[in-house]
Amino acid sequence: MIHQTWLNRPTIKKVTCVHTNAEKYVVNRVLTEGKTYDVKNETEEFYFIVDNTGQVGGFYKEYFKEAN
């Protein structure tokens, strides 16, 4: 049930959205190209970030690059 507390957990790192050209899903409604997001959790394939809706969502890593 860790996903219920992700929003209040410390940020692991920051990532910047590089594109919203999704093949299967519509992500341009919750992500903005060029915007930096807080990563709350990470798996091999996904970043779980606080998106534009203010909620934590899981997105493929291909949409992001790590911010410096």
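So, a few notes on the structure that sits alongside this text. (Residues numbered from 1 in each chain as written. Predicted model: local features only at pLDDT ≥ 70, side-chain atom pairs only at ≥ 80, totals over all residues. Heavy atoms only, no water.)

1. A few points about the overall build of the protein
So, step 1. Broken down by element type, the protein carries zero helices and five strands.
So, step 2. Reading the secondary structure of the protein in the N-to-C direction produces β-β-β-β-β.
So, step 3. Relative to the 2.2 N^0.38 estimate, which gives 11 Å for 68 residues, the radius of gyration of the protein is 11 Å and therefore close to what a compact globule would have.
So, step 4. Structurally, the protein occupies a C-alpha span of about 30 × 25 × 25 Å along its principal axes.
So, step 5. Burial analysis of the protein (68 residues in total) assigns 29% to the buried set. (Helix = DSSP H or I, 4+ residues; strand = E, 2+ residues; numbered from the N terminus. Rg over C-alpha atoms; globule rule 2.2 N^0.38 Å. Buried < 20%, exposed > 50% of the residue type's maximum accessible area, 1.4 Å probe, protein only.)

2. So, the sheet that holds strand S2 (residues 36–42)
So, step 1. Taken in spatial order, the five strands of this open sheet run S4-S3-S2-S1-S5, and their pairing is antiparallel. Because the sheet does not close on itself, it has two edges, and the strands there are strand S4 (56–60) and strand S5 (64–66). Across the sheet, the mean angle from the axis of one strand to that of its neighbour is 45°, orientation sign disregarded.
So, step 2. Inspection of the sheet shows strand S1 (residues 13–17) paired to S5 by three bridges, in the antiparallel sense. Each bridged residue has a counterpart across the sheet, and for Val-15 the counterpart in S5 is Glu-66. (Pairing = 2+ DSSP bridges. Axes fitted to C-alpha atoms, helices over the stretch in contact; angles between N-to-C directions.)

3. A word on the pattern of salt bridges
So, step 1. Inspection of the entire model under this criterion finds four salt bridges.
So, step 2. The residue Glu-42 makes a salt bridge to Lys-13 at a minimum N-O spacing of 3.1 Å. With a gap of 29 residues between them, Glu-42 in strand S2 and Lys-13 in strand S1 connect regions that are remote in the sequence.
So, step 3. A relative accessible area of 30% places Glu-42 in the partly exposed class.
So, step 4. The residue Glu-66 makes a salt bridge to Lys-13 at a minimum N-O spacing of 3.0 Å. One end of the pair, Glu-66, is in strand S5; the other, Lys-13, is in strand S1, with 53 residues separating them in the sequence.
So, step 5. Connected through shared salt-bridge partners, Lys-13, Glu-42, Lys-61 and Glu-66 make up one network. (Salt bridge = Lys/Arg side-chain N within 4 Å of Asp/Glu carboxyl O.)

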